[in-house]
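Survey of secondary and tertiary structure
The primary structure of each chain is shown beneath.
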Amino acid sequence: NDKRGVKMEKEMINQLIDTAIYQLKYSYTPYSNFKVGAALLAKNGQVYTGCNIENAGYTATNCAERTAFFKAVYEGERNFKAIAIMGGPETVKGPDCDICAPCGICRQVMMEFCDPETFQIILAVSKDKYDVFTLRELFPLGFGPADLA
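About the cut-offs
- Residues numbered from 1 in each chain as written.
- Predicted model: local features only at pLDDT ≥ 70, side-chain atom pairs only at ≥ 80, totals over all residues.
- Heavy atoms only, no water.
- Salt bridge = Lys/Arg side-chain N within 4 Å of Asp/Glu carboxyl O.
- Helix = DSSP H or I, 4+ residues; strand = E, 2+ residues; numbered from the N terminus.
- Buried < 20%, exposed > 50% of the residue type's maximum accessible area, 1.4 Å probe, protein only.
- Pairing = 2+ DSSP bridges.
- Contact = heavy atoms within 4.5 Å.
- Core = buried A, V, L, I, M, F, W, Y, C linked by side-chain atoms within 4.5 Å.
- Expected span 1.5 Å × (residues − 1).
- Phe/Tyr/Trp six-rings, centres within 6.5 Å; stacked < 30°, edge-to-face > 60°.

Once that is clear, we can look at the pattern of salt bridges. A full pass over the atoms with the stated rule returns two salt bridges. Between K127 and D18 there is a salt bridge, with its nearest N and O atoms 3.4 Å apart. Residue K127 is found in the loop between β4 (120–124) and β5 (130–134), and its partner D18 is found in helix α1 (residues 10–23); the two are separated by 109 residues along the sequence. A residue is classified by how much of its surface remains accessible, and K127, at 34% relative accessible area, is partly exposed. Given a relative accessible area of 37%, D18 falls into the partly exposed group.

Quick look at the structure:
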């Protein structure tokens, strides 16, 4: 689970995972039935939530991670600590699930607002089965605001 020396408390990880799991019920996935929930932790302790929202024109679909980020940014937040992501096919549940990693566009959005060395991404199947990565680990050569300086 916590193999990378991540300093986040287990209690906070569990809370974020629970919140991400709860968001699955809000997912709108009539085409793929692949539900994703996200819980984004700001550095001030506020948690912003998101779910994926599909569209018949697939490119108009919005991922759970981006939904959470866009809600937070809309409300004026710009400093983030971690995000928990839980998702998978509606037909596969429990220990048979695998972790659900963020897509490339979501990783790019994270790069815009997060420190790639410290921002933590919790990919969860349950509170007992998850992996924690930094943004740099999942997006090693990411392009961010510092690259435009």
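A few words now on the pairing of β5. Among the five residues in β5, five count as buried, and that is most of the element. Hairpin connection between β4 and β5: a loop of five residues separates the two successive antiparallel strands.

This paragraph deals with the side chain of E65. Tracing the chain through its elements places E65 in helix α2 (residues 64–74). Those residues in contact with E65 that lie beyond four places of it in its chain are V36, A38, I83, I85, P102, C103, C106 and M110.

Let us now look at the nonpolar core. By size, the foremost hydrophobic cluster in this structure holds 25 residues, and its most contacted members are L40, F69, F80, I83, M110, F119 and I121. Excluding residues that lie within four positions of it along the chain, F69 makes contacts with L40, F80, I83, V109, M110, F113, C114 and F119. Of all hydrophobic cores here, the second largest spans 15 residues; its members include M8, I17, A39 and A124.

What follows is about α1. With 14 residues, α1 extends 20 Å between its outermost C-alpha atoms, agreeing within 8% with the 20 Å of an ideal straight helix rising 1.5 Å per residue. Residues of α1 that are buried: I13, N14, L16, I17, A20 and Q23. Of the surrounding secondary structure, the elements contacted by the buried residues of α1 are β1 (34–42), β2 (47–51), β3 (80–89), β4 and β5.

Next up on the list: the packing of aromatic side chains. All told, the structure shown has six aromatic pairs when counted by the stated rule. An angle of 70 degrees between the planes, with centres 6.1 Å apart, marks the rings of Y31 and Y58 as edge-to-face. On the criterion of sequence distance, the pair formed by Y31 in the loop between α1 and β1 and Y58 in the loop between β2 and α2 is long-range, its members being 27 residues apart. According to the relative accessible area criterion, Y31 is partly exposed, its value standing at 42%. Measuring from centroid to centroid gives 5.0 Å for F69 and F80, while their planes differ by 65 degrees, and the two rings are edge-to-face. Of this pair, F69 sits in helix α2 while F80 sits in strand β3, placing them eleven residues apart in sequence. For F80, a relative accessible area of 3% gives the class buried.

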